[in-house]
Each structure stands twice: as C-alpha cells, then as structure tokens.
Amino acid sequence: MAMRASLACFPSDAALQESSGIPWGVAVTPFSAADERGAAPATGAEGHLLPRCDSCYAYFSTLCPLHRWSWSCAICSADNDLTPDASARYARDGGQDPPEMRSAFVDLLLPGEEGEAATTTPVYVAAIDLSSSEEFLELVKSALLAALEAIPPGSLFGLLTFSSKIGLYDVQGPIPIVKNAFIPPDSDGTLLVDLEDVMPLRSFLAPVDGCKDRIAEALETIKPTSSWEITATASEVQDHALHHARGFGLAMDAVVNYLCTEYGSLFELARIFTFLSGPPNYGPGQIETRSDVDHNAAKMLGSDHTFISEQTNFYTNLAASAVQAGVCVDLFAITNEYTDLSSLKVLSVESGGSLYMYSSTDESTLPQDIYKMLSRPYAFGCVLRLRTSSEFKIADSYGHFFPDPQYMHVQHINCCDSFATYVYDFEFQKDSQFSRKSSPPILQIAFKYTTIVQQGDTSDDVSNSVSRSKFTLQRRLRVRTIQYNITANIWDLYDFVDPDVVLTILVHQSVAWHMADALAVWYFLFWRSFIQSHDVLEARIWLRDWLVNFIAQYNKAYKVVRSGGTGMSDIDVDFIHCSQLQPLSRLVFAFLLSPLLQLHGQGIHPDYRTYLQCLFSALEASSLRQAICPTLISYSSPDVEAEVHQSLSRSVFNSESPIFLLDAYTDLLVYYSPTVSSTIPFPPPRDCLLRSKIDRLKQERNITPKLVFIHGAHDDTTAFERYLIEDQSVDGSLVASATGFRSFLEGIRSRIAEYSR
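Note that the coordinates shown come from a computational prediction; the quantities given were computed from them, not determined experimentally. (Residues numbered from 1 in each chain as written. Predicted model: local features only at pLDDT ≥ 70, side-chain atom pairs only at ≥ 80, totals over all residues. Heavy atoms only, no water.)

### A short note on the overall build of the chain
Short version of the rule: In DSSP terms, a helix is any run of H or I states spanning at least four residues, a strand is any run of E spanning at least two, and both are numbered starting from the N terminus. In what follows, a contact means two residues having at least one pair of non-hydrogen atoms within 4.5 Å. The protein chains shown are the only cover counted for residues, whose accessible areas, like all others here, come from Shrake-Rupley with a 1.4 Å probe.
If you tally the helices and strands in the chain, you get 22 helices and 29 strands. Nonlocal contacts in the chain, meaning residues at least 24 apart in sequence, comprise 75% of its contacts between residues at least 6 apart. Summing over all exposed atoms, the chain offers an accessible surface of approximately 31000 Å²; the carbon and sulfur share of this is 48%.

Here it is in structure tokens:
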C-alpha cells in the first residue's frame, strides 16, 4: 500500500495551508505490494483479532498507546478496553509480537469471512464485435491466444460474438459449435429467448486447460459480418443493414444476466473482455452518430467542450447490474471511428475494469496489453476507508470506485490491481489547527479485499491427463497508519512538497466523476465550476490562474515581491529559492498542452480524450507525471547513457549526444540525430544498454508503450518533435503572443506584477 502526500510536512492551520497555494492531499495505491519506499507489510493470519476503536472504528496500530487492559485510539484518542484474549496477545511474554505490534503496515488474513475453505473458479468471457474488418478480427484472435496463455489452468473460458445476433460457442465437444440468439430491432431490452435456453452456461464455460486447442479452432471460424453472403431477395436492404448492426448494449446485458445465475456458486468474479470496432448502433444502448461530419475534429461538436456528455444512461444501469452479478468488464476499442466512449466508459470504470483504445490495428499493442492485464494479481470485492485525526477531514475523494450509500468516505471497488490509485484532498475542521501541545496528525487507510489463491492439482483421477487446479478465496485486511510532522513555517511546507502528487490532485480534479458540494480552497472551487461547465478554455485559463496565484504566494513568502513592487525582474518564476518547487511550472505547462486540455479545433479525437480521462484518473503519481511531462535521456552510443535532460526543447539537437530516448509513458521514441555516425547501428541492437532500458520500461508499465524508432536523416521527425513541449505555444487566448515555455513564464510574471501593484 503506497501512500504519497502532496505536503509531507502538514500545515499547522488553515491560514498557512491556504497562503501556501498548494493543494493538500494524498494519493493512495492500496493493492501495491509494498509502500512508497519499497517496504512490504507485516503479515499474519488473525485479522479478526485486530482491535477496533469503539468510537471511530479505527484499527489498533503501533501508534496507539497500549496499557495492560486498555489502549488509546491514535485517530480519535478514545480509550478502549482490551478483551482478556487481546490483553494476552499483547502481553509480550517472550514470544514473537503479532504483526500489528511490529509494523504500522499490516496485511492480515480474515478467516471465516468467505466460509470454511470456500472454493471458486476464475471465469473469463471474450465478447467479439463481428461488425468489423478482417484486420480487426485477426488482431483480436492474436490477443485471445495471448490471453489463453495468461489465464491460470483450471479457469473457465467462454467465447461469444455479437452483431444483430449473439453467438455462443460450445467448445467442449469434438468440434466447436455456435448457437445464435437474434436481437430484435425493436427490442424493449430483452431477448426473445434467454441465453441459458440457447446454451446452458455450463456448456458455454469451458475449462481452459482441456479446451485450449478447440477454443483456438473456434476463433478461426469467426468471420466479420461484411463477409456474410447476402441473398438477392426483396428484403436485401434490410439484410444488408443487419449485417452492419452492432448490438453491443443488449449483448452485454444478456451476458451479465447469463452469468448472474452462477454468481456465488461457481464464481465470485467473472471478467468480460469485450472488443469493439465502432459505436453500438443496434438495439438498446445504441449510440447516435452523424455520418455527415468528421468525428475526428471539432466539426462534430462545434464547441470547445472538454468532456462530452453521455448520450444514454443505459450503460450506467448496466454497470450497476454487472457489479451486483460479480462481473468486471474490460473494454477494448480498436477504432478511429467516433464510438462515444464517454457513454461506454462507465461500464468498465464502475465494474472495476479498464478502458483501452487503439486508433488502428497496424500498431496496436492489444495482445501484449491483455496478456499483462490477465497476468498481474488483482483483488475484488474491495472496501477502502481513509480515516484522519480530529483536526482535519476529507474534503473529497477521486478514483474508479463507487461510494457507499450509507457511510461517508467508504468506497467500494469491484476489482483493483496493483496500479490503481485513489486520491483524497483534505481541509481543516472548522476552527481547528495543529499545535505543539496536540497530537501529531495521523492518517489510517484500511483496505479489505478478496483474492483467489491457486492451490495446485487436486485431480483424484490419475488417468485424467488434464490437471485441474483448485482455487480458494482469501479475505484479507490491509491497514496502514502514518503519522506526519507539522510546521507553522511556510518555508518548511515548500521544502516538503511532492510535485507529482500536486499534479495528480489537479488532474483528478479535472476528470472527477463526482464532485463534492463544497471544497475548501478557491482553486478547488474553480475546478468544480469547470467540471460542471465542461469548458476546456475555462479550465486552461483557471489552471494558469492557479499557477499565477501560487507563484505570487511563493514570492510573498520569500519577500521577493515587496509592498509597492520593485519591477517584473524581481519576481521569481523559477523557484530559485526552493528546488522542490521547481518542476511545478513545467508540469502545469505540460498539462495545459496535454490532449486532455486541448481544444477540439486542435484535432483531438473526443474518444481519445475520454480514454485519457480513464487512464490518467487511475495512474499512480510518478506514472501520471511521466504521461503528462515526458523524460528525455541522451546516449553517446547504444551502450553509454549520457544525461537526463531537464528541458524538453529543440536545444537538445545541439547536444553532442547522437541518440535520444523519450519516455512519454504510452510512447517510447528512440531518435537518432541526422549527423550520427554510420558506425552506430540503427535501430539499436537487441543486446545493448538502450534496449535493456526499453525492455524494462515496457515490463514495468500496466500498458505496453508503443515503440518508435526515428532516424533524423531520412524519417519524419514530427512524432518526436511534438513532445518537445517547451518550444510550443499555449493557446493565444491564455497568454498573448506566447511562443514557448519561457514566454509562458514571462506571461505569468506579468500577471503577478499587475496584481501586486
């Protein structure tokens, strides 16, 4: 469980926090294997014995004062009695202390919560769009073959297709068989026949280890609807229309209901990975698109709205049904056609799944991404709760969760992997502050979750060549309690700023799914207004104004701008007095230039913007910074790293190093200077240092970055130069005559000078 605070040293009071101009909050990655320093939790098997406070329900930790028959809560300071068993547990009679006495970060088994020796079976279902191209299907087939290698033996796998009908595949016999259920064009949201009547679920879900070859055979029989033969009859026009139908909505609804019949008996979580080649255009949940406009640019909308409103609440309701049925949906959109992912995203986000988008099949990393997704561990049925000591409270929380309908600040997460991150921002309780006489501020994160544990071969039939694995459920509780230092000095506050977390809070505010009724600080009030108005231009202006206010507050703190002013040249926009703050201006500038905040007139595909919303709002802080502000590393040769460049400008072309690696999280670009020696191989050889670095980065990511090699002597360098953001101009309506990062900072300096007169 990693937890990073924007202010590692907490402000003593609200006035100090507000005067600093820095948002105050934390980014939490609850299912990460270790904390932010790489330390693993103390583990144990008696989580049900962990004492809880009778007043605030916080958990006992090493920060709680312990007495012979009682203990004091570190969160609310309430005294709690110890039961005789708990008192004996903490008596320290020479044996090993329990985990909660050895570490403030514990991960404990909760025996009995899932029933004695509860067993389950991992279930995976692939749903394939047939209203697509041959290239699309070939890519999907490759991805599913990779998925079959990642899925653990003993799992169950189902294969279905959708168009104007739903095709269910039975692969457990000698040859694959498909049975179809037609989707009526005027459906009221139900099929004419239940899928269970078309094919029993036990016939549809096949054991992966025994049917992998027949699943592969079934995949080879799948053809796009465009290849279906259309007979020349009076209904030819109608038949042709049906051959281009994409009944995604009703297909997903039917599959969720189909799986629901076995929820709790066969499986605890089923994962559906669905592949779309375009917008749902048939039956319930269909998306209205206009064929007379270019969906790739502003012509579609005619305005500069950031986030397109969803057209239908069908998928919101379907997401709720999926959660109740124990189903997680991962959505893979492989298309450049407008698909209205703003309406579809809720299905994956709220069910605990992921949203992936690929603009073409040629350079898609779909096989690698689905293999990564299915290979990494995940938790499900999660409950997340953050508690604070009494002087401050949670102002709002952000991430891919759904709030508990009864308890404040309790979040439910249907499925969570080790990358998923959630953000909280804080505010002081009314008239409260930290003082030297009060207890230090404390945070406690509690994360209750379920995992599936593979027990190995349990087959009793030695003649059976297929090894069947047994899976059991483990319910676990992970608790981390952290105590922070406080300061009444703004200099100390600035020295302990984490720029990555500051950026994370700002980005989460800009893509928040739900906003609170009230936020403590004016710049948060602005963000709430922005989300409600959905206006990109307003967001860019206010983000710039946040930076103006912050730099002005910093200059005031360091008395660089004195009463009456001493001229623009005295305003420090580079944070020369505080190295910890120096990245912030560049990060805000990079965020302003990111596709998420670009105008539609600048050619940003609206679905790509939605994809970035989903991606950015789930990344941990370091990864998010990488995605918004890339890292540039130069190499003297493929085996010799030269330096990490702080600037992203064309000045790098004056470097003596001939090779550059640019890491933009989703893209890795290797650039060779036009003057590079002919003795240096292009592209770099497989066994060199540069390639090892690339392989490591690709391995560490939750998505596979696209790798591009560019030789400046004969290749188009546009893809590389577009990441050199410091030579780009921010929109003219924001900073007049701006032509790059330095001009942007000069504009900030001018605004501060104007305000300080």
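Read on, since the account is not over.
### A word on the side chain of Gln411
Put simply, the test is: Burial classification: accessible surface area is computed with a 1.4 Å probe over protein chains only, and a residue below 20% of its type maximum counts as buried, one above 50% as exposed, and the rest as partly exposed. Under this definition, polar contacts are N or O atom pairs within 3.5 Å; protein pairs additionally need one hydrogen-donor-capable and one acceptor-capable atom, and for neighbouring residues in sequence, both atoms have to be side-chain atoms.
Relative to the assigned elements, Gln411 resides in strand 20 (residues 410-417). Among the residues examined, Gln411 registers a relative accessible area of 2% and is labelled buried. A distance of 3.2 Å separates polar atoms of two side chains, one belonging to Gln411 and the other to Ser397. Gln411 has contacts with Cys382, Val383, Leu384, Ser397, Phe401, Phe402 and Tyr424, leaving out every residue within four places of it along the chain.

### A few points about unusual backbone geometry
Here Phe682 and Pro683 are connected by a cis peptide whose omega angle stands at -10 degrees. For Pro683, the location among the structural elements is in the loop between strand 28 (667-672) and helix 20 (689-700). One non-glycine residue with positive phi stands out, namely His409, at about 60 degrees. Residue His409 is classed as partly exposed on the basis of its relative accessible area of 24%. Residue Asp431 is not a glycine yet carries a positive backbone phi of 65 degrees. Positionally, Asp431 belongs in the loop between strand 21 (422-428) and strand 22 (442-457). When its relative accessible area of 75% is taken as the criterion, Asp431 is described as exposed.

### Observations regarding the sheet that holds strand 1 (residues 2-5)
Strand pairing within a sheet occurs via backbone hydrogen bonds; the two strands may be parallel or antiparallel. In plain terms, the rule: A strand pair is defined by DSSP finding two or more bridges across the two strands. Lines are fitted to the C-alpha atoms to define the axes, a helix being fitted only along its stretch in contact, and any angle between axes, read from their N-to-C directions, falls within 0 to 180 degrees.
One open sheet holds the four strands; their spatial order is 1-3-21-18, and the pairing between them is antiparallel. Strand pairing shows two members of the sheet lacking a second neighbour, strand 1 and strand 18 (392-398), which therefore form its edges. With direction set aside, neighbouring strand axes in the sheet form an average angle of 25 degrees. Sheet analysis places strand 18 next to strand 21, joined by six bridges and oriented antiparallel. Note that in strand 21 the partner of Lys393 across the bridge is Glu427. Across the sheet, helix 14 (residues 499-510) lies against strand 1, strand 3 (25-29), strand 18 and strand 21, angled at about 95 degrees from strand 21, the strand it touches most.

### Some details on the sheet that holds strand 27 (residues 659-663)
Pairing is mixed in the open sheet, where five strands are placed in the order 26-25-27-28-29. A strand with exactly one partner marks an edge of an open sheet, and here the two such strands are strand 26 (640-645) and strand 29 (706-711). Along the sheet, successive strands turn relative to each other by an average axial angle of 20 degrees, direction set aside. Here five bridges tie strand 27 to strand 28, and the two strands are oriented antiparallel to one another. Opposite Ile659, over in strand 28, you have Tyr672 as the bridge partner.

### Here's the deal with the environment of Cys260
Along the chain, Cys260 falls in helix 9 (residues 248-260). Accessibility expressed as a relative area gives 38% for Cys260, which makes it partly exposed. Along the primary structure Cys260 and Val327 are separated by 67 residues, whereas in three dimensions their C-alpha atoms are 8.3 Å apart.

### Some details on the packing of helix 11 (residues 341-350) against helix 18 (residues 606-616)
In a pair of packed helices, the angle between the axes and the distance between the axes together describe the arrangement. Cut-off, in case you're wondering: Oblique is the label for any angle not under 35 degrees, not over 145, and not in the 65 to 115 range, which are roughly parallel, roughly antiparallel and roughly perpendicular in turn. Handedness of a helix crossing follows the sense of rotation of the near helix relative to the far helix, less than a right angle counterclockwise being left-handed and clockwise being right-handed. Residues are sorted three ways: Asp, Glu, Lys and Arg are charged, Ala, Val, Leu, Ile, Met, Phe, Trp, Tyr, Cys and Pro are nonpolar, and all the rest, Gly among them, are polar.
Two numbers describe how helix 11 lies on helix 18: the axes approach to 9 Å, and their chain directions differ by 25 degrees. As far as their axial angle goes, helix 18 and helix 11 are roughly parallel. For the pair helix 11 and helix 18, the sense of crossing is right-handed. Every residue of helix 18 that contacts helix 11 at Leu341, Ser342, Lys345 and Val349 is listed here: Asp607, Thr610, Gln613 and Cys614. Residues that form the contact of helix 11 with helix 18 fall into these classes: three nonpolar, three polar and two charged.

### Looking at the state of the cysteines
Rules: Our working definition of a disulfide is a cysteine sulfur pair at a distance within 2.5 Å.
Considering all chains together, one arrives at zero disulfides under this definition. Looking at Cys328, it has no disulfide partner, and the nearest cysteine sulfur is the one in Cys415, 4.3 Å off.

### What to know about the pairing of strand 3
Burial within strand 3 is extensive, with five of its five residues counted as buried. Side chains of strand 3 alternate between two faces, with Gly25, Ala27 and Thr29 and Val26 and Val28 buried alike. Looking at chain direction, strand 1 and strand 3 are connected through four bridges and run antiparallel. Following the sheet pairing, Ala5 is matched in strand 3 by Val26.

### Description of helix 11
Along an α-helix, a turn takes 3.6 residues, which lines up residues three or four apart on a common side. Counted residue by residue, helix 11 has nine buried out of 10 residues, so it is predominantly covered. Among all positions in helix 11, only Leu341, Ser342, Ser343, Leu344, Lys345, Val346, Leu347, Ser348 and Val349 are buried. Buried residues along helix 11 sit against helix 9, strand 14 (270-276), helix 10 (314-324), strand 15 (327-334), strand 16 (355-358) and helix 18. One or two positions beyond helix 11, positive phi appears at Gly352, with a value near 90 degrees.

### A closer look at the nonpolar core
Spelled out, the test is: Throughout this description, the term nonpolar core refers to a set of buried Ala, Val, Leu, Ile, Met, Phe, Trp, Tyr and Cys residues connected via side-chain atoms within 4.5 Å. Note that the domain bounds were set by an automatic or database domain assignment.
By size, the foremost hydrophobic cluster in this structure holds 191 residues, and its most contacted members are Leu259, Phe273, Phe275 and Tyr494. Viewed by domain, this core spans two of them, domain 1 (2-15 + 24-113 + 377-457 + 468-489) and domain 2 (123-226 + 241-375), each represented by three or more residues. Here Phe273 is in contact with Tyr124, Val125, Ala126, Ala127, Leu144, Phe157, Asp330, Phe332, Ile370, Met373 and Leu374, once residues within four sequence places are set aside. Counting residues in hydrophobic clusters, the runner-up holds 24 residues, among them Tyr59, Ala74, Ala86 and Ile442.

### Regarding the pairing of strand 16
Under the convention used in this document: The path from the first strand over the helix to the second decides the hand: if it runs clockwise while the strands point away from the viewer, the crossover is right-handed.
Neither face of strand 16 is open: one carries Leu355 and Met357, the other Tyr356 and Tyr358, and all of them are buried. Here four bridges tie strand 15 to strand 16, and the two strands are oriented parallel to one another. Its bridge partner being in strand 16, Leu331 is matched across the sheet by Leu355. Regarding topology, helix 11 serves as the crossover connection from strand 15 to the parallel strand 16, and that connection is right-handed.

### Quick word on the environment of Ile482
On the secondary structure map, Ile482 appears in strand 23 (residues 469-483). On the basis of relative accessible area, Ile482 is assigned to the buried category, the value being 12%. Separated by 38 residues in sequence, Ile482 and Gln444 place their C-alpha atoms 6.4 Å apart. Setting aside residues up to four positions removed in sequence, Ile482 forms contacts with Met3, Leu63, Pro441, Ile442 and Leu443.

### Here we look at helix 10
Quick reminder of the rule: Here the arc refers to the directions that run from the helix axis out to each C-beta atom.
Regarding helix 10, the residues found buried are Phe314, Tyr315, Leu318, Ala319 and Ala322. The arc that holds every buried residue of helix 10, seen down its axis, measures 130 degrees, which confines them to one face. Residues of helix 10 that are buried in the fold lie against helix 9, strand 15 and helix 11. In the segment just after helix 10, Gly326 is the residue with positive phi, at about 70 degrees.

### Brief notes about the packing of aromatic side chains
Convention followed: Aromatic pairing here means that ring centres of Phe, Tyr or Trp (its six-membered ring) are within 6.5 Å. Orientation follows from the plane angle: under 30 degrees is stacked, over 60 is edge-to-face, and everything else is tilted. We count a charge as sitting over a ring when the NZ of a lysine or the CZ of an arginine lies within 6 Å of the ring centre and within 35 degrees of the ring normal.
Applying the stated criterion to the full structure yields 42 aromatic pairs. Taking the centre distance of 5.6 Å and the plane angle of 55 degrees together, the rings of Phe162 and Phe248 count as tilted. With Phe162 in strand 10 (residues 156-162) and Phe248 in helix 9, this pair connects stretches of sequence that are 86 residues apart. The exposure classification of Phe162 matches that of Phe248, with both residues buried. Centre to centre, the rings of Phe275 and Phe332 are 5.3 Å apart; their planes meet at 20 degrees, and the pair counts as stacked. Of this pair, Phe275 sits in strand 14 while Phe332 sits in strand 15, and the two are 57 residues apart along the sequence. Under the relative-accessibility criterion, Phe332 is labelled buried at 0%. The cationic tip of Arg68 hangs over the ring face of Trp69; the distance from NZ or CZ to the ring centre is 4.6 Å. Residue placement shows Arg480 over the ring face of Phe105; its charged tip is 5.8 Å from the ring centre.

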